[in-house]
Amino acid sequence: MRANARFMTSRRSLLLAAGAAGATGIAGGIAWWRAERTVPPEPRFVPDAAFPNRLRIPGNDGLYGVLDVAGSFAIAAKSVQQEIVPGVPAALLAYEVEHQGSRYLNPLIRLRSGGKIHAQFWNGIEETSIIHWHGLTVDSNNDGHPHYAVGGGKTYEYNFAVPNRAATYWYHPHPHHLTGKQVYLGLGGLFIVEDDEELALQQALALRFGETDVPLVLHDRRFDAQGQLAFAPSNDEKADGFLGTQVLVNWTPKPYFEASTRIYRFRILNASNARIYKLAFLVGGQALDFQLIGNDGGLLDRAHTVRDVFLSPAERVDVLLDLRNARVGDAVTLASNAFDAMEHEDGPPDPGTPAAAAPAAGPGANDTHAAHSGYGRTEDKSAPTAPNTTAANGLTGGIPEIGVTLELMRIHVRRKEAYARSVPATLSRIVPIAANCQSPRVIALDHVKMVWRINGQTYQHESTPITVKRGATEVWNIQNAQASMPHPFHIHGFQFQVLERRGSPGQQKALAVNDKGLAASDLGWKDTVLVWPGETVCIVIDFTHPFPGDQVYMLHCHNLEHEDQGMMLNLKVEA
Ligand code: C2O
Ligand code: CU
Ligand code: CU
């Protein structure tokens, strides 16, 4: 525990050639357009050494290229070569789509609410795989449940409508025991659904996708001395989650983004295997207010002003950053602020004890503590397994623990812009599901000997320990044990509402916006919710769906190492 707040972020500047950034597409387009119009060129922009690489932005093709679905398409999981560290091609697993003359890797799939997906998945890697559409309401045949995983060389056909409201969803592999590895090595992409409310917001704020409405996919990775990804969790890391040395944004290490004086929208997905972030925008160390406008299941009723927001694996937030009053030359840093990932784990909340003064798991620690002490690991106890070298690419080094301060991206204000828009007072209408937390179904999260469990069980392919009736409204209390870790709890097939947080650690309570202990990011519709040690999160789920027959979904922890180790159960919805 002692080490949680220790500042382990590497501030070493990267030995990367500035200007060798891999971004193409939009940036290239603008330069060309300017040349044509003989506008005097802007002085060459020199980013600061700590963030030398231009943020990769979804373009018309390539990695994260925007695929506006028209008709059916084929999507192949394969091994590809892709630059992550500029100038160093790396082996990556990616979903490849060739559609209407363009080639995409991990395409950003975009369609209208009510639209249809007809996709043939081809598994071109040497282990079983299947695609799960995270957050979408589809039947079990199309959900990508591990039951349907296919071997290398095999195909699986998807055919479904997308009834969901506009939101930033995502897709990723889901074969049992292999999800963490395959996501880590590259498989996964965004799935953006739009509807009239969404288009109204884009219009009100004059947002342009890829310029002023920018998705940010966060995940931490380790690189070996050759700049290649390596996934090799130790036993401790299987219990705690596999962390990286560097947080990439849209697969860009140490990225910068150029902005003008206007409102920007960032849709942020935490695609990390295990890392939790406490996101903030900092100027000279001071946190800026920003607006939270949406999360997993789409827009909130209105914008909520926040200073920081927790984002655990698989969660999404949709935020507005107002740079109208910024000055040209200002720099804003997207950061993850310090927090204590294990706050509460020893019992009563610990009100911000400085790192040095916090006790290590010592005499009072029982064996359940010892079993997962690696989460707040002190160096003397367990040496990191990742290469702890100063390799030429500058991306290796120490592994920052969850909760240490991290700088993720630098935003440079480069231009004045006349911008006279403001955030609409109403964004959407969230109809609350009538329910209370009086007689809930209990979902207990705990562990024995480094094995995480749900209601005392781990995943069994054929058993469906949680059975609900189609059309039922159920209230669940997700109860995390005191001697535990934070678990991002996720359900397939349904978006839910969070009713209440109880026994929350102080750092969570501090974000409460109502007397139920909810943070702004708990409002609206969710498919994943973070549950801290000792905390109970009460949610309500409406199991109405339009599909014939029984459906088998799942619920699991979205710490992918926990999931792969079996912190996952089948969820049967009986017709
Ligand atoms: Cu992203 Cu089973 O989940
Ligand atoms: Cu899911
Ligand atoms: Cu977990």
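Cut-off values and rules
Residues numbered from 1 in each chain as written. Chains lettered and ligands numbered in written order. Predicted model: local features only at pLDDT ≥ 70, side-chain atom pairs only at ≥ 80, totals over all residues. Heavy atoms only, no water. Helix = DSSP H or I, 4+ residues; strand = E, 2+ residues; numbered from the N terminus. Contact = heavy atoms within 4.5 Å. Donors = N, O, S within 2.8 Å, 3.2 Å for Na, K, Ca; no water. Buried < 20%, exposed > 50% of the residue type's maximum accessible area, 1.4 Å probe, protein only. Salt bridge = Lys/Arg side-chain N within 4 Å of Asp/Glu carboxyl O. Phe/Tyr/Trp six-rings, centres within 6.5 Å; stacked < 30°, edge-to-face > 60°. Lys NZ or Arg CZ within 6 Å of the ring centre and 35° of its normal. Disulfide = S-S within 2.5 Å. Pairing = 2+ DSSP bridges. Axes fitted to C-alpha atoms, helices over the stretch in contact; angles between N-to-C directions. Core = buried A, V, L, I, M, F, W, Y, C linked by side-chain atoms within 4.5 Å. Domains from an automatic or database assignment.

Colleague: Can you walk me through the environment of Asn337 in this structure?
Modeller: Within the fold, Asn337 resides in the loop between β24 (331–336) and α5 (367–371). Taking C-alpha positions, Asn337 is 8.5 Å from Glu407, a pair spaced 70 residues apart along the chain. For Asn337, the residues in contact, after removing those within four places along its chain, are Lys278, Ala280, Leu282, Asp308, Gly403 and Thr405.

Colleague: In this structure, what is going on with the coordination of the copper ion (ligand 3)? I would like to understand it.
Modeller: Under perfect tetrahedral coordination by four donors, a metal shows angles of 109.5 degrees; under perfect octahedral coordination by six donors, it shows angles of 90 or 180 degrees. Only His487 (ND1), Cys557 (SG) and His562 (ND1) from the protein reach the copper ion (ligand 3) as donors, at distances of 2.0 to 2.1 Å. Each donor residue of the copper ion (ligand 3) belongs to the same chain, and together they define the spacing H-x69-C-x4-H. Here His487, found in strand β30 (residues 487–491), pairs with Cys557, found in strand β34 (residues 551–557); they are 70 residues apart in sequence, far enough to count as distant. Taking relative accessible area as the criterion, Cys557 reaches 2% and is therefore assigned buried.

Colleague: I tried to follow the pattern of salt bridges on my own but got confused; where do I start?
Modeller: Using the criterion set out here, one finds 33 salt bridges in the structure. Close ionic contact of Glu258 with Arg414 constitutes a salt bridge, the shortest N to O distance being 2.6 Å. Here the residue Glu258 occupies a position in strand β16 (residues 255–260), and Arg414 occupies one in strand β25 (residues 406–415), the gap between them amounting to 156 residues. Each of Glu198, Asp213, Arg265, Arg267 and Asp318 takes part in salt bridges that share partners, so that together they form one network.

Colleague: Please clarify how the packing of aromatic side chains should be interpreted in this entry.
Modeller: Aromatic ring pairs are defined here through the distance separating the ring centres and the angle between the ring planes. Summed over the entire model, instances satisfying the criterion amount to 23 aromatic pairs. Look at Phe257 and Tyr264: their rings are 5.6 Å apart centre to centre, the planes differ by 90°, and that puts the pair in the edge-to-face class. Across the pair, Tyr264 and Phe257 agree in class, each one buried. Look at Phe339 and Trp532: their rings are 6.1 Å apart centre to centre, the planes differ by 80°, and that puts the pair in the edge-to-face class. A residue pair is termed long-range when its members are at least 10 positions apart, and Phe339 in the loop between β24 and α5 and Trp532 in the loop between β32 (528–531) and β33 (536–542) qualify at 193 residues. One aromatic cluster is present, formed by Tyr95, Phe121, Trp133, Tyr148, Tyr156, Tyr158, Phe160, Tyr171 and Phe191 through successive ring pairs. Over the ring of Phe209 we find Arg110; its NZ or CZ atom is 5.3 Å from the centre of that ring.

Colleague: Mind showing me how you'd approach the coordination of the copper ion (ligand 2) here?
Modeller: Protein coordination of the copper ion (ligand 2) is provided by His132 (NE2) and His490 (NE2), with donor distances spanning 1.9 Å. You can see His132 sitting in strand β9 (residues 131–134) and its partner His490 sitting in strand β30, a full 358 residues away along the chain. Of the two residues, His132 and His490, both sit in the buried class.

Colleague: What's the story with the state of the cysteines in this structure? I'm lost.
Modeller: Note on terminology: disulfide describes a covalent bond linking the sulfur atoms of two cysteines. According to the stated counting rule, one finds one disulfide in the structure shown. Here Cys437 connects covalently by a disulfide to Cys538, the sulfurs 2.1 Å from one another. Its S-S torsion of approximately -105° makes the covalent link between Cys437 and Cys538 left-handed. Of this pair, Cys437 sits in the loop between β25 and β26 (441–448) while Cys538 sits in strand β33, and the two are 101 residues apart along the sequence. The buried category is assigned to Cys538, whose relative accessible area is 0%.

Colleague: What exactly am I supposed to notice about the pairing of β9 here?
Modeller: Along β9, one buried face is formed by Ile131 and Trp133 and the opposite face, lined by His132 and His134, is buried too. In this sheet, strand β11 (residues 167–173) lies alongside β9 in antiparallel orientation, the contact comprising four bridges. When the sheet's bridge partners are listed, His134 is paired in β11 with Trp170.

Colleague: Sorry, what's going on with the sheet that holds strand β31 (residues 497–502) here?
Modeller: If you walk across this open sheet you meet the five strands as β27-β26-β29-β33-β31, and the pairing is mixed. Two strands bound the open sheet, and with one partner strand each, they are β27 (451–454) and β31. Across the sheet, the axes of successive neighbouring strands diverge by a mean angle of 20°, strand direction being ignored. Two strands pair when backbone bridges link them, and β26 and β27 are joined in this way by four bridges, in the antiparallel orientation. Paired with Leu445 across the two strands is Ile454, which belongs to β27.

Colleague: Looking at this structure, I do not really get the sheet that holds strand β5 (residues 89–99). What am I missing?
Modeller: Working definition: the strands of a sheet are paired by backbone hydrogen bonds and lie parallel or antiparallel to each other. Across the sheet, which stays open at both edges, the six strands sit in the order β2-β6-β5-β4-β8-β10 with mixed pairing between neighbours. The open sheet has two edge strands with one neighbour each: β2 (62–63) and β10 (155–161). In terms of strand pairing, strand β8 (residues 116–123) meets β10 through seven bridges, oriented antiparallel. Residue pairing across strands places Trp122 opposite Thr155, the latter belonging to β10.

Colleague: Mind showing me how you'd approach the nonpolar core here?
Modeller: Counting residues in each nonpolar core, the largest one holds 66 residues, and the members touching the most others are Phe257, Phe266, Leu279, Ile411, Trp476, Phe489 and Ile539. When residues of this core are assigned to domains, at least three fall in each of domain 2 (197–426) and domain 3 (441–574). Once residues lying within four places of it in the same chain are set aside, the contact partners of Ile539 are Glu474, Val475, Trp476, Ile478, Ile491, Phe496, Gln497, Val498, Leu499 and Val529. Ranked by size, the runner-up nonpolar core spans 56 residues in total, among them Leu67, Tyr158, Trp170 and Tyr171.

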